[in-house]
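Here are the chains, one letter per residue:
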Amino acid sequence: CPMDVSNCLYDPAEEISLPEFHRKYPKSLPMLVVVLGGYDGTTEYDDTPSDTIIRYNNYQSVRRGLALDPKTRRNYISIPLNSKYKFNVIKSVATKKEDHTLAHILENNPLPVLIQFSESKDIPTEGRNKEGKPYQFLITHVYEEVFIQGNFITDGKIMKQASSFSLCPIISVAPVKGFTDRTQKKFDEYLQKLKQYVHKNTVFSENQCDLSIKELAPDAAEIIDVLNPKDSKSTAASTTPPPPPVRGKSLKKPRDSEEDDDGEAYEVMENPEGEIDTYRVADNPPSYVNDRLCWVKPLSSEPSAEIAGDSKHRDSGELYEPMEDPGDYLEPQKHIESKPVPVKPEDSKPVPTSRLPPKPKKKPEKRQPYENSHPLSDEKEPPVLPPPPPPNKESEGSGEVKCTESKTPCSFCIEEKSIQDIVHVLSLLRLNKYAERFQEEMVDGEILAGLSVEDLQSEFGFSKLEALRLYRYIEKGHVPK
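The shown structure was predicted, so the numbers you read here are calculated from the model rather than taken from an experiment.

S.K.: Looking at this structure, I do not really get the nonpolar core. What am I missing?
M.R.: Soluble globular proteins: nonpolar side chains tend toward being buried together. In terms of nonpolar packing, the biggest core is built from 21 residues, with L431, F438, L448, L456, F460, F462 and L470 touching the most fellow members. Among the secondary structure elements, those contributing two or more residues to this core are α8 (419-428), α9 (435-440), α11 (453-460) and α12 (464-476). Other than its neighbours up to four places away in sequence, L448 contacts I414, I422, F438, V443, L456, L470 and I474. The next biggest cluster of nonpolar side chains, apart from the first, holds 19 residues, and it includes A67, Y85, I115 and F117.

S.K.: Is there a simple way to explain the side chain of D46 in this structure?
M.R.: Mapped onto the fold, D46 is located in the loop between β3 (31-37) and β4 (53-68). Look at D46: it is buried, it has no salt bridge, and the nearest opposite charge is K214 at 8.7 Å. At a separation of 3.4 Å, a polar atom in the side chain of D46 contacts the main-chain amide nitrogen of T42. A polar side-chain atom of D46 sits 3.0 Å from a polar atom in the side chain of T43. D46 has contacts with Y39, G41, S166, C168 and I171, leaving out every residue within four places of it along the chain.

S.K.: Sorry, what's going on with unusual backbone geometry here?
M.R.: Excluding glycine, most residues fall at negative phi; most peptide bonds, likewise, are trans. The omega angle of the peptide bond from L29 to P30 is 5°, so this bond is cis rather than trans. Position of P30 among the secondary structure elements: in the loop between α1 (18-24) and β3. For the bond from L111 to P112, the omega torsion is -5°, close enough to zero to count as cis. One can find P112 in the loop between α2 (102-108) and β7 (113-117). Even without glycine at this site, R73 takes up a positive phi of about 60°. Of note, R73 is situated in the loop between β4 and β5 (76-80).

S.K.: Sorry if this is basic, but what is going on with the confidence of the model for the protein here?
M.R.: A low pLDDT score tells you not to read the predicted coordinates there in detail. Averaged over all residues, the pLDDT of the protein equals 74, while 61% of them reach at least 70. The model gives residues 257-261 a pLDDT under 50, and that stretch makes 2 contacts with residues more than four places away or in other chains. Scored below 50 in pLDDT, residues 370-380 shows 5 contacts in the model against residues more than four places distant or in partner chains.

S.K.: Could you clarify how one ought to interpret the side chain of E466 in this entry?
M.R.: Looking at the element boundaries, E466 is found in helix α12. Given the relative accessible area of 11%, E466 is considered buried. Residue contacts for E466: discarding those within four places in its chain leaves L431, K433 and Y434.

S.K.: Would you explain the packing of aromatic side chains in this entry?
M.R.: For any two aromatic rings, the description comes down to two numbers: the centre-to-centre distance and the angle of the planes. Per the counting criterion, the structure on display carries 13 aromatic pairs. With a centroid separation of 5.9 Å and 65° between ring planes, the pair formed by Y45 and F147 is classed as edge-to-face. In this pair, Y45 is assigned in the loop between β3 and β4 and F147 in strand β8 (residues 136-154), connecting sequence segments 102 residues apart. Neither residue differs from the other here; Y45 and F147 are each classed as buried. Ring geometry for F117 and F137: centres 5.9 Å apart, planes at 85°, overall edge-to-face. Separated by 20 residues along the polypeptide, F117 in strand β7 and F137 in strand β8 bring together distant segments of the chain. Overall, the relative accessible area of 1% leaves F117 in the buried class. An aromatic cluster of at least three residues, connected via ring pairs, comprises F21, Y25, Y56, F152 and F165. Stacked on the ring of F179, the Lys or Arg R182 has its end atom at 5.2 Å from the ring centre.

S.K.: I would appreciate a short explanation of the packing of α11 against α12 in the present structure.
M.R.: For the pair α11 and α12, interaxial distance at closest approach is 9 Å and the crossing angle is 130°. Between α11 and α12, the interaxial angle falls into the category oblique. The chirality of how α11 crosses α12 is right-handed. For the pair formed by α11 and α12, the contact residues are V453, L456 and Q457 on the first element and K464, A467, L468, L470 and Y471 on the second.

S.K.: Would you mind showing me how to read the pattern of salt bridges here?
M.R.: Between side chains of opposite charge, a pair can form as their charged atoms come close. Overall, the coordinates contain 11 salt bridges when judged by the stated rule. Here R64 makes a salt bridge to E145, at a shortest N to O gap of 2.9 Å. You can see R64 sitting in strand β4 and its partner E145 sitting in strand β8, a full 81 residues away along the chain. With respect to burial, R64 and E145 carry one shared label: buried. We note a salt bridge from E222 to K214, for which the minimum N-O separation is 3.3 Å. You can call E222 partly exposed: its relative accessible area is 25%. According to the relative accessible area criterion, K214 is buried, its value standing at 14%.

The rules behind each value
Residues numbered from 1 in each chain as written. Predicted model: local features only at pLDDT ≥ 70, side-chain atom pairs only at ≥ 80, totals over all residues. Heavy atoms only, no water. Core = buried A, V, L, I, M, F, W, Y, C linked by side-chain atoms within 4.5 Å. Buried < 20%, exposed > 50% of the residue type's maximum accessible area, 1.4 Å probe, protein only. Helix = DSSP H or I, 4+ residues; strand = E, 2+ residues; numbered from the N terminus. Contact = heavy atoms within 4.5 Å. Lys, Arg positive; Asp, Glu negative; His and termini not counted. Salt bridge = Lys/Arg side-chain N within 4 Å of Asp/Glu carboxyl O. Polar contact = N/O pair within 3.5 Å; in protein donor to acceptor, adjacent residues only side chain to side chain. pLDDT = per-residue confidence, 0-100. Phe/Tyr/Trp six-rings, centres within 6.5 Å; stacked < 30°, edge-to-face > 60°. Lys NZ or Arg CZ within 6 Å of the ring centre and 35° of its normal. Axes fitted to C-alpha atoms, helices over the stretch in contact; angles between N-to-C directions. Parallel < 35°, antiparallel > 145°, perpendicular 65-115°, else oblique. Left-handed = near helix turned anticlockwise from the far one by under 90°.

Right under this line is the structure:
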């Protein structure tokens, strides 16, 4: 009694994607499914046609190591632990351990661990630079990629060859529950025959899964949860809304009046009648500030008759005109006449009176002359510095350039060199092959001064002698003869 799409019984409402299928049925295999949403994938592991029946047999996990791609410094390289390639553990610049599989290395070394592809075996494209030398990878994470293994049922016949399917979110399936034209007992007998055939003729293993080296973006669905692990407790706490605050009892004392007291700490105000325009300017603004509290009147442009006839008020130096008694709001203030200050006969200018003492004059600060002062300025010329001491005769023939304590920069001070200067230095030291990489990484003198011999070897692929040659120039300006 063969089965095909025309006579299989399924519920279209139970259609789910493969990642959801893995989460919903983690321990329900083997199971017959019908593919409702197929996908023409780029590999054999995500290429599944629609309207086909598959017997899912088991889940297969492939452990992988994850490292930052040294080429892009942005993407990640995913390496299967049981691949055919061999690796070396890098302990130091000159120390490399013997060849091992990545699974053996991670069992005996804690993360993170620095590795590189063994040069005694074939190096894949992802593991070597333009010159063919192996890259060094820092393995920081280990994760599992899950596959579903099973057999296709085509034209009512089950295929002997095993197939592996990645958890592609585009592919959707639905569980098959029986025949449309036969009883459930016949369907159970059909499942038993399929199980016996697969157990006798098909072998499932990890080698049938995808064991290639992958270059993945940071937001790839395969590694996004590995790079950004979610804490279940913190996630639950963030999604659960906080409970409403408990309202406390009123602090007011009970009143004897008949007014209703609902226990609120604050009284509810009624809405004012009409809207208040806070930006409207009054038609006739008052000539004083803050109603009658300040009683400050602006000075008029023409002096009043009272002040014009009184020389005492005119010469007293008052800033404001005297006001009348405000009445009940403020007590009457006594007018205090300012006494004129006697003028010395030798002073020709009159001395105005003031209520505040004069501010002490600050002594002018003596500014130090600087080097870039204008020749026409009043600054004094800087003192003439003595000439620098003559160079040491011992260092003349050594090929090293000694940096003196002069303010003018010397020719080999590496921190002050630009990117083009560093490229010229590489050409001078016969290291032209690294010039393009230095320009891509924007390595100037300041950055180069912070690199060590180990950094030059690990980051740029220098040999030990090449790194020492450049490092001696950084320290002493040494150029080999």
